[in-house]
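# Observations on the three-dimensional arrangement
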Amino acid sequence: MGSDFSGTISKLSKDGLDLSPKFPFLCSRHFADQIKNSSNPEALLREVLPLTVEREKVPGFVDDPVGDLPAGKSDCVIQKYDRRALIVSTATCGVRCRFCFRKNYPFQNGPDVAREVSNWLDTHSDVWEVILSGGDPLTLSPGAFRDLVESIAAHSSVTTLRIHTRLPVMRPDLVMQHFELLRELPTRFSCVLVSHVNHADELDDESAALFAHLKICGWTLLNQSVLLKGINDSPDKLTALCRKLFEQGVLPYYLHQLDHANGVAHFEVSDERARELIAEIRTKLPGYLVPKLVREIADEKSKTPI
């Protein structure tokens, strides 16, 4: 990342850098610039820098913490919730977050995800919302992304399309390659984009421009964050994040407690502290900017409020 990060990396090296991590390092140049420009570079760097502590086995932390595999209906379709389906569209992402709950997921995407999704929807006409996840669905090539969307749009029962993405703050250029289709989609579905932003310094002029364009086109814009020790576990950081999201036209949606994937235990914040943080930011923000504190529990039929 260059000399600009040497001091911060040296500080984190005391925690033990992992030079050959099982979950490989990946950070976009855009996010590296965000780290460089951040008022708190250590927080952002912790999101992406592999540490040897990830190798520690901690009781209760497992490879599939949210029960994706038992809920799999095909190689790429997961259905946990009533009349909704999630598509694991690709293993590719714009970053490898060290706290990722799918860092150990055995991705099985075949060569034609669009056909597989279409075939599954043919026999599930009760599904009204399809959620595109991954990896990150917006890392798909424009042709593959359009094919996937068209395969979903061919089923009139699907009235809502939701996209979960990290790219507005990681690879805004890849979002732009899909912009013609993204602009068109609200004429065919109710469209929801759920961004994943954990710290206010991840947001910049490029994310603001993307969100503004999407909002004009008719997208509902929400954000989900993960509560992470050493990154956003303070009322001031969470308040700043919620306010900056709102300035860019995005409503805070969920603040997730950490999913217990192998290798992420060092990010955990206790439920007691999480509740204290929510109580504190509730005194600083209007109610519509306070995210719901939740946990995903395997086999449950909804997110669990904390």
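Thresholds, definitions, all that
- Residues numbered from 1 in each chain as written.
- Predicted model: local features only at pLDDT ≥ 70, side-chain atom pairs only at ≥ 80, totals over all residues.
- Heavy atoms only, no water.
- Helix = DSSP H or I, 4+ residues; strand = E, 2+ residues; numbered from the N terminus.
- Rg over C-alpha atoms; globule rule 2.2 N^0.38 Å.
- Buried < 20%, exposed > 50% of the residue type's maximum accessible area, 1.4 Å probe, protein only.
- Contact = heavy atoms within 4.5 Å.
- Areas by Shrake-Rupley, 256 points an atom, 1.4 Å probe, with all protein chains shown as cover.
- Lys, Arg positive; Asp, Glu negative; His and termini not counted.
- Charge placed at Lys NZ, Arg CZ, Asp CG, Glu CD.
- Pairing = 2+ DSSP bridges.
- Axes fitted to C-alpha atoms, helices over the stretch in contact; angles between N-to-C directions.
- Parallel < 35°, antiparallel > 145°, perpendicular 65-115°, else oblique.
- Nonpolar A, V, L, I, M, F, W, Y, C, P; charged D, E, K, R; others polar.
- Salt bridge = Lys/Arg side-chain N within 4 Å of Asp/Glu carboxyl O.
- Core = buried A, V, L, I, M, F, W, Y, C linked by side-chain atoms within 4.5 Å.
- Expected span 1.5 Å × (residues − 1).
- Left-handed = near helix turned anticlockwise from the far one by under 90°.

## Some remarks on the overall build of the chain
Along the backbone of the chain there are eleven helices and nine strands. For 306 residues, the compact-globule estimate of 2.2 N^0.38 gives 19 Å, and the chain sits close to it at 19 Å. When its C-alpha atoms are laid out on the principal axes, the chain stretches across 55 × 40 × 40 Å. Residues counted as buried form 53% of the 306 residues belonging to the chain. Contacts spanning at least 24 positions in sequence make up 81% of the contacts within the chain whose residues lie at least 6 apart. Entry remark: accessible area of the chain is about 13700 Å², with carbon and sulfur atoms responsible for 50%. In the chain, 36 positive and 41 negative side-chain charges are present, and the distance between their average locations comes to 2 Å.

## Thoughts on the sheet that holds strand β8 (residues 292-295)
The strand order across the open sheet formed by nine strands is β1-β2-β3-β4-β5-β6-β7-β8-β9, and the pairing between neighbours is mixed. Strands at the two margins of the open sheet, each flanked by one partner only, are β1 (77-78) and β9 (304-305). Pairing of strand β5 (residues 190-196) with strand β6 (residues 220-226) involves five bridges; the strand directions are parallel. When the sheet's bridge partners are listed, H196 is paired in β6 with Q224.

## Description of the packing of helix α4 (residues 113-122) against helix α5 (residues 142-153)
Interaxial distance between α4 and α5 falls to 8 Å at its minimum, and their mutual angle equals 10°. Considered as vectors, α4 and α5 are oriented roughly parallel to each other. Here V113, A114, V117, S118 and L121 of α4 lie close against α5, whose contacting residues are D147, L148, S151 and I152. Looking at the contact of α4 with α5, its residues break down into six nonpolar, two polar and one charged.

## Quick look at the pattern of salt bridges
Inspection of the entire model under this criterion finds 20 salt bridges. Close ionic contact of D271 with R295 constitutes a salt bridge, the shortest N to O distance being 2.8 Å. Here D271 is found in helix α11 (residues 271-282), whereas its partner R295 is found in strand β8, with 24 residues between them in sequence. Where salt bridges share partners, they join D68, K80, R102, E296 and K303 into one cluster.

## A few points about the nonpolar core
Formed by 61 residues in total, the largest nonpolar core has its most connected members in L132, F145, I152, L185 and W219. In this view, I152 contacts V117, L121, V130, L132, V158, L161 and F189; residues no more than four positions away in its chain are not counted. Listed in part, the 13 residues of the second largest apolar core include L227, L238, L255 and L289.

## Considering α11
Between its terminal C-alpha atoms α11 stretches 16 Å, which fits the 16 Å expected from twelve residues at 1.5 Å a residue. Turning to α11, the residues buried within the fold contact α10 (235-247), β7 (251-256) and β8.

## What to know about the packing of helix α2 (residues 29-37) against helix α3 (residues 41-48)
Contact geometry of α2 with α3 gives a least axis separation of 7 Å together with a crossing angle of 150°. Considered as vectors, α2 and α3 are oriented roughly antiparallel to each other. The handedness of the crossing between α2 and α3 is left-handed. Residues F31, Q34 and I35 of α2 form the contact with α3, whose participating residues are P41, L44, L45, E47 and V48. The residue inventory of the contact of α2 with α3, partitioned by class, reads six nonpolar, one polar and one charged.

## Describing unusual backbone geometry
A cis amide bond links G134 with the next residue in sequence, G135, at an omega value of 20°. Structurally, G135 is set in the loop between β3 (129-133) and α5. Of note, the phi angle at R83 is positive, near 60°, even though the residue is not glycine. In this structure, R83 sits in the loop between β1 and β2 (84-88). Phi is positive for D299, which is not a glycine, with a value near 80°. Note that D299 resides in the loop between β8 and β9. D299 sits in the exposed class, given a relative accessible area of 67%.

Everything listed here is a matter of geometry and, on its own, says nothing about what the molecule does.
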